[in-house]
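Summary of the model geometry
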Amino acid sequence: MKHPDDGTAKSAKDRDFSMSNLDAQSILNTMRQPFLVLDSELVVRGANKRFYNTFDVKAVDTEGCIIYDLGNQQWDIPRLRTLLEDILPNSEVVEDFMVDHRFETIGRRIMMINARQIPELSPALILMSIDDITAQEDHRHETERQKHLAEIIIDAAPVSFLVLDQDLKVLRANETFFDAFAVDREETEGRLVYELGNGQWDIPKLRELLEDVLPDNDTFNGFEVEHDFDDIGHRVMMLNARRINTHQLILLAIDDLTEERATERQENAREVRRGFILDLLDRQRGEASPESLIDMTCEALGKQLNAAWVLYADIDDSDEHRILPRVWSNEQVTVQVGGYRVEDFGHRVLDHLEEGRTLVIENVLEDERIAGNDPPAAFEDLGIGSLLKVPLLKEGRLRAILGVYFSSPHPWKSSDVTLTEAVAERLWEAVARSRAEAELRVSQERFSLVTKATNETIRDWDMIADTQWWNESLQSTFGYDPAQVEPGSDSWVNRIHPEDKTRVLESVHAVIAGSANSWTEEYRFMHANGLPLIVVDRAFIIRDAEGKAVRLTGSMSDVTAKRDTENRLRQSQKLEAVGQLTGGVAHDFNNLLTIILGNAEILGDELGEPQRTLAEMIITAAERGADLTNRLLAFSRKQPLKPQLMDVNDLIRGSEGLLGRTLSENIDIRLNCPDGLWRTEIDPSQLDAAILNLSLNARDAMPEGGRLTIETANAALDQDYSARGYNVIPGQYVMITITDTGEGIPTDVLSHIFEPFFTTKEVGKGSGLGLSMVYGFVKQSGGYINVYSEPGEGTSIKLYFPRATGEATLDQISDTGKHLVGGSESILVVEDDMLVREHLISQLLGLGYKVVGVGSGPEAIETLTQTQSFDLLFTDIVMPDGMNGRELADIALKMRPEIKVLFTSGYTEQAIMHQGRLDPGVQLLSKPYRRKQLAEKVRLLLDLQ
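Below, the structure is looked at part by part. Predicted model only: the values in this text are computed from it and were never measured.

Structural notes on the overall build of the protein
- Along the protein, the regular secondary structure elements total 30 helices and 32 strands.
- For the protein, with 945 residues in total, the buried portion stands at 44%.
- Here the analysis covers contacts within the protein between residues at least 6 apart in sequence; of these, 56% occur between residues at least 24 apart.
- Split by element, the accessible area of the protein, about 49,800 Å² in all, is 50% carbon and sulfur.

Looking at the side chain of glutamine 74
- Topologically, glutamine 74 is positioned in the loop between α4 (70–73) and α5 (78–87).
- Reaching out from glutamine 74, the side chain makes a polar contact with the backbone nitrogen of glutamate 104 at a distance of 2.8 Å.
- A distance of 3.5 Å separates a polar atom in the side chain of glutamine 74 from the backbone nitrogen of threonine 105.
- Apart from residues no more than four positions distant in its own chain, glutamine 74 is found in contact with His101, Phe103, Glu104 and Thr105.

Section: the sheet that holds strand β7 (residues 170–173)
- Ordered by their spatial adjacency, five strands build an open sheet running β7-β6-β10-β9-β8, and the pairing between neighbours is antiparallel. In the strand order of this sheet, the two ends are held by β7 and β8 (219–229), each with one partner. Adjacent strand axes in the sheet meet at a mean angle of 25 degrees when their direction is disregarded.
- The sheet contact formed by strand β6 (residues 160–165) and β7 spans three bridges and is antiparallel. Across the sheet, leucine 164 pairs through a bridge with valine 170, a residue of β7.
- Contacting β6, β8, β9 (233–244) and β10 (249–256), helix α9 (residues 204–213) runs over the sheet at an angle of about 155 degrees to β8.
- Taken strand by strand, helix α10 (residues 258–285) contacts β8, β9 and β10, and its axis lies near 130 degrees from that of β9.

Description of the environment of alanine 483
- Relative to the helices and strands, alanine 483 is located in the loop between α16 (473–478) and α17 (490–493).
- Alanine 483 gets classed as exposed once you look at its relative accessible area, which sits at 64%.
- Along the sequence, alanine 483 and asparagine 471 sit 12 residues apart, while their C-alpha atoms lie 9.9 Å from each other.

Re the pairing of strand β25 (residues 731–740)
- Of all 10 residues making up β25, 10 are buried, and the element is well covered by its neighbours.
- Pairing between strand β24 (residues 706–717) and β25: 10 bridges, direction antiparallel. Each bridged residue has a counterpart across the sheet, and for isoleucine 710 the counterpart in β25 is isoleucine 738.
- Bridge analysis of β25 against strand β27 (residues 794–802) gives eight bridges, and the strand direction is antiparallel. Its bridge partner being in β27, isoleucine 738 is matched across the sheet by isoleucine 797.

Focus on the nonpolar core
- The biggest cluster of nonpolar side chains holds 36 residues, and the ones touching the most others in it are Val648, Leu687, Leu708, Ile710, Ile736, Leu799 and Phe801.
- Only α21 (648–654), β22 (667–672), α23 (684–700), β24, β25, α26 (770–780), β26 (784–790) and β27 provide two or more residues apiece to this core.
- Once residues within four sequence positions are removed from consideration, valine 648 is found in contact with Leu677, Thr680, Ile682, Leu687, Thr712, Val734 and Ile736.
- By size, the runner-up hydrophobic cluster in this structure holds 31 residues, among which are Leu301, Leu388, Val423 and Trp428.

Section: helix α11 (residues 290–305)
- Compared with an ideal rise of 1.5 Å per residue, which puts 16 residues at 22 Å, α11 spans 23 Å between its outermost C-alpha atoms and is within 8% of the ideal.
- Where α11 terminates, the next one or two residues include asparagine 306, which has phi positive at roughly 60 degrees.

Description of unusual backbone geometry
- The backbone phi angle of leucine 42 is positive, close to 65 degrees, even though this residue is not glycine.
- With respect to the secondary-structure elements, leucine 42 resides in the loop between β1 (35–39) and β2 (44–47).
- Residue class for leucine 42 comes out buried when judged on its relative accessible area of 12%.

Brief notes about helix α27 (residues 834–846)
- For α27, with 13 residues, the first-to-last C-alpha span of 18 Å sits near the 18 Å given by 1.5 Å per residue.
- Of all the positions in α27, only Val836, Arg837, His839, Leu840, Ile841, Gln843 and Leu844 are classed as buried.
- Where α27 begins, the side chain of aspartate 833 points an oxygen toward the backbone nitrogen of leucine 835, at a separation of 3.1 Å.
- Within two residues after α27, glycine 848 carries a phi angle of roughly 100 degrees, on the positive side.

Details of the packing of α10 against α11
- Their axes nearest at 10 Å, the elements α10 and α11 cross at an angle of 155 degrees. As the angle between them shows, α10 and α11 are arranged roughly antiparallel. Where α10 crosses over α11, the handedness of that crossing is right-handed. Contacts between α10 and α11 involve Val272, Phe276, Leu280, Arg283 and Gln284 from the former and Leu293, Met296, Thr297, Ala300, Leu301 and Gln304 from the latter.
- When grouped by side-chain class, the residues that make up the contact of α10 with α11 number seven nonpolar, three polar and one charged.

Some details on the packing of α23 against α26
- Following both chains from N to C, one finds α23 and α26 inclined at 145 degrees, their axes separated by 10 Å at the closest point. The crossing of α23 and α26 is left-handed. On α26, the residues that touch Gln686, Leu687, Ala690, Asn693, Leu694 and Asn697 of α23 are Gly770, Leu771, Val774 and Phe777.
- Looking at the contact of α23 with α26 residue by residue, the class counts come to six nonpolar, four polar and no charged.

Describing the environment of aspartate 564
- Within the fold, aspartate 564 resides in helix α19 (residues 560–606).
- A C-alpha to C-alpha distance of 9.8 Å links aspartate 564 and isoleucine 534, two positions 30 residues apart in sequence.

What to know about the packing of aromatic side chains
- The full count for this structure, using the stated rule, is 23 aromatic pairs.
- Ring geometry for phenylalanine 51 versus phenylalanine 55: centroids 5.2 Å apart, planes at 45 degrees, classification tilted. Of this pair, phenylalanine 51 and phenylalanine 55 both sit in helix α3 (residues 49–55), four residues apart, which is roughly one turn of the helix. The pair phenylalanine 51 / phenylalanine 55 is uniform in exposure class, with both members buried.
- Taken together, the ring pairs connect Phe51, Tyr52, Phe55, Trp75 and Phe103 into an aromatic cluster.

Some thoughts on the pattern of salt bridges
- Tallying each qualifying case throughout the model produces 37 salt bridges.
- With a closest N to O distance of 2.7 Å, arginine 185 and glutamate 189 form a salt bridge.
- In this structure arginine 185 comes out as partly exposed when scored by relative accessible area, which is 29%.
- Given a relative accessible area of 25%, glutamate 189 falls into the partly exposed group.
- One salt bridge connects arginine 524 with aspartate 500, and the closest N-O pair in it is separated by 3.0 Å. With a gap of 24 residues between them, arginine 524 in strand β18 (residues 518–526) and aspartate 500 in helix α18 (residues 498–513) connect regions that are remote in the sequence.
- Residue arginine 524 is classed as partly exposed on the basis of its relative accessible area, which comes to 25%.
- When its relative accessible area of 8% is taken as the criterion, aspartate 500 is described as buried.
- Here the salt bridges do not stand alone but share partners, grouping Glu499, Asp500, Arg503, Glu521 and Arg524 into one network.

Quick word on the pairing of β1
- With respect to burial, β1 is a largely interior element, five of its five residues being buried.
- The two faces of β1 match: Phe35, Val37 and Asp39 on one face and Leu36 and Leu38 on the other face are all buried.
- As defined by bridge partners, β1 adjoins strand β5 (residues 125–132) across five bridges and the pair is classed as antiparallel. For aspartate 39, the partnering residue across the bridge sits in β5 and is leucine 125.
- Pairing between β1 and β2: three bridges, direction antiparallel. By the bridge assignment, leucine 38 is partnered in β2 with valine 44.

Details of the sheet that holds β27
- With respect to topology, five strands assemble into an open sheet ordered β22-β24-β25-β27-β26, the strand pairing being mixed. The outermost strands of the open sheet, each flanked by one partner alone, are β22 and β26. Each adjacent strand pair in this sheet contributes to an overall mean axis angle of 20 degrees, direction not counted.
- Of the pairings in the sheet, the one linking β26 to β27 comprises seven bridges and is antiparallel in character. Looking at β27, one finds that asparagine 786 is bridged to lysine 798.
- Contacting β26 and β27, α26 runs over the sheet at an angle of about 30 degrees to β27.

What counts and what doesn't
- Residues numbered from 1 in each chain as written.
- Predicted model: local features only at pLDDT ≥ 70, side-chain atom pairs only at ≥ 80, totals over all residues.
- Heavy atoms only, no water.
- Helix = DSSP H or I, 4+ residues; strand = E, 2+ residues; numbered from the N terminus.
- Buried < 20%, exposed > 50% of the residue type's maximum accessible area, 1.4 Å probe, protein only.
- Contact = heavy atoms within 4.5 Å.
- Areas by Shrake-Rupley, 256 points an atom, 1.4 Å probe, with all protein chains shown as cover.
- Polar contact = N/O pair within 3.5 Å; in protein donor to acceptor, adjacent residues only side chain to side chain.
- Pairing = 2+ DSSP bridges.
- Axes fitted to C-alpha atoms, helices over the stretch in contact; angles between N-to-C directions.
- Core = buried A, V, L, I, M, F, W, Y, C linked by side-chain atoms within 4.5 Å.
- Expected span 1.5 Å × (residues − 1).
- Parallel < 35°, antiparallel > 145°, perpendicular 65-115°, else oblique.
- Left-handed = near helix turned anticlockwise from the far one by under 90°.
- Nonpolar A, V, L, I, M, F, W, Y, C, P; charged D, E, K, R; others polar.
- Phe/Tyr/Trp six-rings, centres within 6.5 Å; stacked < 30°, edge-to-face > 60°.
- Salt bridge = Lys/Arg side-chain N within 4 Å of Asp/Glu carboxyl O.

Given below as structure tokens:
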């Protein structure tokens with residue numbers, strides 16, 4: 001043991017202090033906890049017997065030694081150094097400082113140290129009490145371990161567990177409980193058990209167990225409780241409870257028996273249902289007619305379910321779904337269902353049944369499929385409070401309904417639903433079988449009636465006896481009395497057209513000699529008046545057991561009128577093909593006219609006589625060429641029209657209600673029909689049909705909804721517009737524009753939309769004639785139709801009809817009498833259509849402006865970067881290459897804030913961008929525009945400060 005002075009003996013000072021004060025030593029020895037007295041050098045100056053006994057050390061090896069050297073340095077503990085060297089020097093008192101250390105001699109000890117400095121003594125002292133809490137800590141850890149183990153067991157248990165205190169508050173719940181009863185830990189633990197789930201657990205049977213049964217029985221098993229929870233529905237629970245008095249706790253195990261009990265009930269119900277069905281089948285076999293079979297089944301089912309009334313209803317084949325009912329009702333209810341349609345009970349009910357799903361409604365006043373601001377009156381009229389309907393679908397159509405009804409709300413059991421569905425299935429089969437038997441009994445009578453009523457000429461050839469029977473249609477269709485014609489097959493053979501006879505006989509004999517059972521041929525059959533009629537003959541061959549043909553029964557249909565119609569249709573298609581050819585010629589010709597007229601107009605402005613006269617002759621010739629193309633495009637349009645002098649605004653406003661009912665609810669219809677519209681002379685019914693046709697096409701282009709805008713305006717189309725290849729005669733027009741915000745029309749489709757029978761819709765959903773009919777009507781009325789569309793941007797269709805007036809044409813610009821004001825500013829033209837761009841550049845150059853033209857937004861940005869400043873940016877709105885006119889203008893204004901911007905577009909002003917509205921301050925020149933409008937708009941914008 002090392003000593004602080006010389007390692008061999010104590011100093012005189014040490015000897016003086018070595019517990020000579022017996023009173024102090026006696027005090028230390030009476031202390032329960034081990035106790036040390038240290039000086040400021042951390043040398044042990046005294047210790048009590050409890051210290052020596054607890055830590056198995058001797059006084060001679062302790063007093064006078066530095067504390068860290070005690071027990072061969074077993075007391076050199078890092079936590080002890082932290083206390084004595086770091087914490088205590090800064091604090092006179094340190095309490096409850098825990099040190100966990102394993103000694104070589106006595107093993108692991110957990111010590112709670114309280115230390116105090118006494119600086120006023122000389123020398124200064126440190127008093128340390130060391131409480132050995134090893135046993136207490138081990139006990140605490142063991143308790144926690146046992147608690148954790150109990151929690152693991154509870155959480156792993158397959159049943160729900162609750163741990164309650166003596167006040168019935170939840171101390172603990174396992175995950176099985178949270179999952180089974182759809183609650184979370186925060187709203188469970190710490191709450192009174194009856195308050196769980198917003199009071200859903202305030203169950204009388206649970207109170208009985210916890211408050212009456214369990215206090216007298218520490219353990220209780222097999223306590224069954226049924227309860228309806230708001231969130232999870234009906235539950236059957238087996239409760240097992242145990243009171244742990246030592247901890248004043250209650251363990252509550254909850255076993256969910258819902259599925260088990262449901263299975264038992266289902267099995268019982270299945271046995272009842274099986275017995276009922278077997279008895280019902282026996283009774284059905286004894287019924288003589290479908291009607292009596294239905295009546296008996298409805299009565300049996302109604303009494304079994306104790307219903308107010310039961311209905312079996314066939315649904316007619318019309319789109320009205322009219323109910324043809326058979327009804328049983330108890331003595332307290334009288335029901336008259338005749339005359340109702342399925343729709344009378346609500347379209348949501350109809351939709352449900354048409355999907356083939358059983359409809360169960362427990363309370364018609366609360367069910368969302370029925371209740372609402374305007375519930376169907378049929379439920380109140382018939383006194384229906386609750387219902388169950390089982391539908392029968394055949395070939396995708398609703399054919400019949402078996403319904404069970406109560407006059408008041410009724411909770412339907414799943415077993416009742418299953419029973420009704422089983423009865424319905426067997427009833428369909430029994431009714432079908434009974435009806436088939438009834439039909440078989442009257443088949444001969446029906447055949448006789450059919451042969452008399454049909455327009456088909458029916459023949460029955462007995463090949464063995466060579467006799468042939470004809471129905472009366474032989475006389476009404478072909479003029480021959482069946483009683484007067486040859487008795488055998490000659491009555492047919494002798495009347496086949498001579499040119500068709502060989503082919504027809506070879507065909508029918510080949511089928512007879514073969515193994516086929518049917519034969520069809522088209523040929524000419526001679527009428528009694530000597531004229532041939534075209535017939536389609538369909539026959540069925542009956543063969544004997546060896547496969548030999550013994551009978552041929554067939555029908556002859558007179559298709560003469562049908563074939564004539566088809567021939568006329570083919571002729572119409574040929575005319576349409578010619579129209580397409582002339583359209584192509586007109587397109588190419590108008591491309592040439594665009595250049596000819598544009599340049600001739602410039603020459604006419606700049607040259608003097610006699611060259612100006614030559615330019616005017618060119619313009620006149622070009623106009624006559626344009627007139628020729630208009631006539632070509634009107635070729636083969638021969639529909640009868642009844643033109644009337646009218647204001648189309650009145651017709652459009654009157655059609656708003658029809659459009660609202662016809663189009664989808666998610667389509668916003670907007671009309672813009674300003675006063676002062678010119679009158680035109682057109683067929684109002686054809687115009688109404690054209691607007692509806694175009695609106696339906698717009699609806700199909702907006703499957704997710706959108707906006708349909710119909711607007712009117714006066715329009716003066718001059719030669720500048722005609723010269724661009726648009727095939728329109730210059731003049732004043734009434735313009736009708738129909739614009740949608742739909743998907744737009746791809747470029748490869750746009751050029752074909754007016755072709756007959758061209759459609760992009762699925763087979764059977766479009767004839768392809770709608771737009772061609774609109775086109776023909778507009779052209780025959782002397783008008784013009786233009787479509788402007790971009791994929792993703794929507795479509796705008798403009799109809800132009802000539803103004804009907806004897807007054808002088810307004811706003812007609814004379815190329816010789818009007819002076820156009822131009823300027824010398826610089827203009828950047830951005831237009832992706834090359835012909836339009838070149839024409840526009842020519843017009844602006846003719847007005848004196850300096851012009852640079854490009855075909856896209858990126859080209860324009862590059863030009864603004866590299867070229868001199870521009871005074872005006874004249875840009876189309878919808879352009880290719882990923883940048884539209886609006887985006888281009890924003891970039892250009894950032895680059896050059898002083899530049900003016902003028903937009904142009906084939907859309908109307910209400911259907912371009914930003915929900916159909918231009919931003920405030922934006923200037924737009926709508927296409928088409930005349931040279932005067934172009935000059936005035938450009939000049940106005942450039943002069944704007």
